[in-house]
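Reading the structure
For reference, the chains in residue letters:
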Protein chains: 2
Amino acid sequence: MALIVQKYGGTSVGSTERIAQVAERVAGYLARGHQVAVVVSAMSGETNRLVAMGHELGGPAASRREMDVLTSSGEQVTVALLSIALLQRGVAAKSFLADQIALHTDGAHGRARIERIDTEALRSEIAAGVVPVIAGFQGVNDLGEITTLGRGGSDTSAVALAAALEADECEICTDVEGVYTTDPRIVDGARRLQQITFEEMLELASLGSKVLHPRSVEFAGRYRVPLRVMSTFVDGPGTLITLENDTMEQAEVSGIAHAVDEAKITVSGVPDLPGIASKILGPVGAKNIEVDMIVQNTGVDGMTDFTFTVKRPEYEATMALLHDVANEIGAREVTGDNTIAKVSIVGVGMRSHAGVATKVFDRLALENINIQMISTSEIKISVVIAERYVELAVRALHDAFELDLEPS
Amino acid sequence: MALIVQKYGGTSVGSTERIAQVAERVAGYLARGHQVAVVVSAMSGETNRLVAMGHELGGPAASRREMDVLTSSGEQVTVALLSIALLQRGVAAKSFLADQIALHTDGAHGRARIERIDTEALRSEIAAGVVPVIAGFQGVNDLGEITTLGRGGSDTSAVALAAALEADECEICTDVEGVYTTDPRIVDGARRLQQITFEEMLELASLGSKVLHPRSVEFAGRYRVPLRVMSTFVDGPGTLITLENDTMEQAEVSGIAHAVDEAKITVSGVPDLPGIASKILGPVGAKNIEVDMIVQNTGVDGMTDFTFTVKRPEYEATMALLHDVANEIGAREVTGDNTIAKVSIVGVGMRSHAGVATKVFDRLALENINIQMISTSEIKISVVIAERYVELAVRALHDAFELDLEPS
């Protein structure tokens, strides 16, 4: 018997038919002797509908507090509907809103952080055989006001509850069957991973693999909550996200992520002096523009080139800003390209980069794909290439690292 | 300067455009120096949409508690939207859910009764110039669970708040311009009443005049809250509902209500013995069938006839039940008619009935309309007639009592 926290996302509870299926699934776990606590999102489309109405009348600019009151109603609907569906099947169940389990957050409306959860009521319900059905995404602050956790908030709610309840596992039940070696829409041979580490998942999640929000992965890693991504409607073991990846220690690469929503900006002929990077990036950061990759080559003749990437929607604004900065610091020119993509190879097995990097460069050269930028972290190698090659690059690298084969 | 509680119903907040208009209306009251607290219903159609989803999954039979969690989300949406719209216009506003103002009810989910309201927070917000926007229809019980007040619940919420806050007036803002002498769709000359007493309103409300739920009128009467029914979107004074009707003391009749959703059942040839009424109506009451008018004539030769009315949807079930009862008590026969209507003349001025009754009977005779049953209360005379004559009867009686003319 295990205590399992299950989180069902918007598409899993997107209609009364689907909610009935979720109820059947929960009932199946109980029949197999498990204890279950459930966290649900709003029905798919509902949060967007509510946000749109709020924006018509003034939106967060008028009141972040009230936007939270508005959007949190979506989860209230689903906890009630799922509880009804469970009770209808003879499963003892009870809905809980954030204030009813004292899921306390700080006061930051729209992006609140969880501070504490009072699990006493939940524990006694679970011990009495009741399935608590808890509204995700929402919290309550010290003034008794409703807060929301921001994007990916329900995942975070589920992980936080699993941590607080010391659950054996937190299942993220969604519309995909797990975490894949790469996007199955691009590579036919993309393979579901049995396990992956938090670190790897974090890199994949932040690189545009939309299965889990990075914040929830980080949270799970910090509190050592075993996390499993699995399908709500297709039976299967999903992908277990753990601290240590036993089964895959041999595999140097776990997955390949890509992101096309990128742009790069190069400041050329920059005097190679200490502090020059902050003179270039300071004004960008001050405008709340997020910078991703940053590359600076060793200078030649006291001059250097400085390149960085931003999200594509920020490209025009950043270019305008950099023209002023370039004048100030006496740079030769500012050039940019908003038709680039980033491809990243992720794996805890690549503690030594040389071999992996060589294989990446060789294979992309074989495909005649020019690498415009390279950046590495401890478990990741990212390359920037022209956007039009991104699918070719992902397929080629998936093949090069034999990711379609189960590691031996 | 007055403290006014305003309640806006579902059609008044049925779209973001209308919510914006409500915000303008509230802002206008503040500009004229009033203090305002607002109670809102769910957007029109929303409660029905939620209830329908709940019913698909098991409905109140599975859980009344969860149906309340479900339906109360509708008001949560509107308090947030209206608060946003007010803040957008520079009006300080703050939403409140039932638990945030400790609007305590008993535990009866779906038909809870208000027990107490903690007005401290509301009073200090109002004193600080903030417009509290309060979710109608919902409460919280002693377990901290959400309850709802049943049909007409938002009216009751508003009246209870007005009583607790000792407000100068409670405005019920709706899609009609007030209470009329009769249904304006039937009588062109139907006139908006300037004032009406709680007693009269209670009779009119329970007789199918849908402006206000009887429970809220009763509540307002008990706590002496001056109630005003008025239009949200058309300027005008509406109708004031008060304890004493100063301006209209001369008018013997205030209004004419009608209800077509009726059926009558006659048990003929009943032994005229003590206790016979309860033998007939006991089984009906035991099935939770509501009986409206009851008429029993003085017996002749130890036998009598017994007639009563029920709502039309209960007609078949009641007839079936009465056939058994008739056998038991030795009645001659049971007959019924589900094509009847009830027309009621209401007015505190009719403390002596004779004159009014005579005028009713004369005029209906003049129109060749046969009266099938008569029943009187202190301020009301009701007659049952064939349904096909109901519009003719209402028009004729409206004319007979000269209700199109303002009382002198």
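The structure displayed is predicted, hence computed values, not measured ones. (Residues numbered from 1 in each chain as written. Chains lettered and ligands numbered in written order. Predicted model: local features only at pLDDT ≥ 70, side-chain atom pairs only at ≥ 80, totals over all residues.)

The subject of this paragraph is the overall build of chain A. Helix and strand counts for chain A stand at 12 helices and 18 strands. Counting only C-alpha atoms, chain A reaches 75 × 55 × 30 Å along its principal axes. Within chain A, the fraction of its 408 residues that count as buried is 49%. (Helix = DSSP H or I, 4+ residues; strand = E, 2+ residues; numbered from the N terminus. Buried ≥ 20, exposed ≤ 12 C-beta atoms within 10 Å, placed from the backbone.)

Glancing now at helix α8 (residues 214–222) of chain B. Where α8 of chain B is concerned, the buried positions are Arg215, Ser216, Val217, Phe219 and Ala220 of chain B. Phi turns positive one or two residues past the end of α8 of chain B, at Arg224 of chain B, with a value near 55°.

So, on to the interface of chain A and chain B. Contact with chain A, which involves 29 residues of that partner, is made by 29 residues of chain B. Every element with two or more residues in the side of chain A that touches chain B is listed here: α1 (16–31), α2 (46–57) and α4 (64–88) of chain A. A total of 14 residues in the side of chain A that touches chain B trace back to one element, the largest contributor, which is α4 of chain A. Per-class residue counts for the side of chain A that touches chain B are 15 nonpolar, 11 polar and three charged. (Contact = placed C-beta atoms within 7 Å. Nonpolar A, V, L, I, M, F, W, Y, C, P; charged D, E, K, R; others polar.)

All right, on to the environment of Ile379 of chain B then. All names here are of chain B. If you trace the backbone, Ile379 turns up in the loop between β17 (373–377) and β18 (380–386). In this structure, the C-alpha to C-alpha distance between Ile379 and Glu200, residues 179 residues apart in sequence, is 7.1 Å. If we skip the residues at most four places from it in the chain, Ile379 touches Glu199, Glu200, Glu203, Val346, Gly347, Val348 and Met350.

Further remarks concern the relation of the copies chain A and chain B. Each copy superposes on the other: chain A lies on chain B with an RMSD of 0.1 Å after a rotation of 180° and an axial shift of 0.0 Å. Taken together, the rotation and translation relating the two chain copies correspond to the operation of a two-fold axis. Minimal C-alpha separation from the rotation axis in chain A is found for Ser73 of chain A, amounting to 2.6 Å. Comparing interface residues between copies, 100% of those in chain A also sit at the interface in chain B, which points to an isologous, same-surface contact. (Least-squares fit on C-alpha atoms with pLDDT ≥ 70 in both.)

Annotation of chain A at the domain level lists domain 1 (3–175) and domain 2 (255–400). Taking the mean C-alpha position of each, domain 1 of chain A and domain 2 of chain A sit 39 Å from one another. (Domains from an automatic or database assignment.)

Look at any regular strand and the pattern is simple: side chains alternate between the two faces of the sheet. Residue and element names in this part refer to chain B. Pairing of strand β13 (residues 255–271) with strand β16 (residues 333–346), which is carried by 11 bridges, proceeds in the antiparallel orientation. The partner of Gly255 across the bridge, within β16, is Val346. As paired strands, β13 and strand β15 (residues 303–311) are joined by eight bridges and run antiparallel to one another. Considered in β15, the bridge of Val267 is made with Phe306. (Pairing = 2+ DSSP bridges.)

On to unusual backbone geometry, then. With the exception of glycine, the majority of residues adopt a negative phi angle, and the majority of peptide bonds are in the trans configuration. All names here are of chain A. Even without being glycine, Glu166 reaches a positive phi, approximately 50°. By secondary structure assignment, the location of Glu166 is in the loop between α6 (153–164) and β9 (169–174). Taking the number of C-beta atoms within 10 Å as the measure of exposure, Glu166 has 11 and is therefore exposed. Look at Asn368: it is not a glycine, yet its phi comes out positive at around 65°. Residue placement: Asn368 occurs in the loop between α11 (354–366) and β17 (373–377).

Before going further, it helps to spend a moment on the sheet that holds strand β18 (residues 380–386) of chain A. All names here are of chain A. Taking strand neighbours across the sheet as the criterion, the six strands line up as β14-β15-β13-β16-β18-β17 in an open arrangement whose pairing is antiparallel. Here the strands that pair on one side only, and so sit at the sheet edges, are β14 (291–296) and β17. Each neighbouring strand pair of the sheet contributes to a mean axis angle of 30°, computed without reference to strand direction. Contacts from α11 reach β16 (333–346) and β18 within the one sheet, and its direction differs from that of β18 by about 15°. (Axes fitted to C-alpha atoms, helices over the stretch in contact; angles between N-to-C directions.)

We now examine the sheet that holds β18 of chain B. Residues and elements named next belong to chain B. Read across the sheet, six strands follow the order β14-β15-β13-β16-β18-β17 without closing on themselves; strand pairing throughout is antiparallel. The open sheet has two free edges, formed respectively by β14 (291–296) and β17, since each of these has just one partner strand. Taking each pair of neighbouring strands and ignoring which way they run, the sheet shows an average axis angle of 30°.

Bringing the packing of α2 of chain A against helix α1 (residues 16–31) of chain B into the picture now. Two elements in contact, α2 of chain A and α1 of chain B, have axes separated by 10 Å at closest approach and are oriented at 40°. It follows that α2 of chain A is oblique to α1 of chain B by the angle criterion. The crossing of α2 of chain A and α1 of chain B is right-handed. Across from Met53, Glu56 and Leu57 of chain A in α2 of chain A, the residues of α1 of chain B making contact are Thr16, Ile19 and Ala20 of chain B. When its residues are assigned to classes, the contact of α2 of chain A with α1 of chain B shows four nonpolar, one polar and one charged. (Parallel < 35°, antiparallel > 145°, perpendicular 65-115°, else oblique. Left-handed = near helix turned anticlockwise from the far one by under 90°.)

Residues and elements named next belong to chain B. Axis separation between helix α9 (residues 276–286) and helix α10 (residues 315–329) bottoms out at 9 Å; the angle between their running directions is 145°. Relative to α10, the crossing made by α9 is right-handed. Mapping the contact onto sequence places Ile276, Lys279, Ile280, Pro283 and Val284 in α9 and Thr318, Leu321, Val325 and Ile329 in α10. Of the residues in the contact of α9 with α10, the class split is seven nonpolar, one polar and one charged.

Moving on, we get to the nonpolar core. Core analysis: the largest hydrophobic core is formed by 239 residues, its most contacted members being Val38, Leu82 and Leu161 of chain A together with Val38, Leu82 and Leu161 of chain B. If we skip the residues at most four places from it in the chain, Val38 of chain A touches Gln6, Tyr8, Val26, Leu82, Val131, Val133 and Ile134 of chain A. (Core = buried A, V, L, I, M, F, W, Y, C linked by C-beta atoms within 7 Å.)

Residue and element names in this part refer to chain A. Of the residues making up helix α12 (residues 390–400), those classed as buried are Ala393, Val394, Ala396, Leu397 and His398. Those residues of α12 hidden inside the fold are in contact with β13 (255–271), β16, α11 and β18. Positive backbone phi, at 50°, marks Glu402, one or two positions downstream of α12.

With that out of the way, let us pick up the environment of Ile117 of chain B. Residue and element names in this part refer to chain B. With respect to the helices and strands, the residue Ile117 is situated in the loop between β5 (114–116) and α5 (120–127). Residue classification places Ile117 among the buried positions, given that 21 C-beta atoms sit within 10 Å. C-alpha of Ile117 to C-alpha of Gly139: the two residues are 22 residues apart in sequence and 9.5 Å apart in space.

Our focus in this paragraph is the confidence of the model for chain A. Of the residues in chain A, 96% reach a pLDDT of 70 or more, and the chain-wide mean stands at 90. The ipTM value of the predicted complex is 0.82, and its pTM value is 0.84. (pLDDT = per-residue confidence, 0-100.)

Attention now goes to the environment of Asp155 of chain A. Residue and element names in this part refer to chain A. Of note, Asp155 is situated in helix α6. It is 8.8 Å that separates the C-alpha atoms of Asp155 and Tyr8, two residues lying 147 residues apart in sequence. Residue contacts for Asp155: discarding those within four places in its chain leaves Lys7, Ile172, Leu212, His213 and Ser216.

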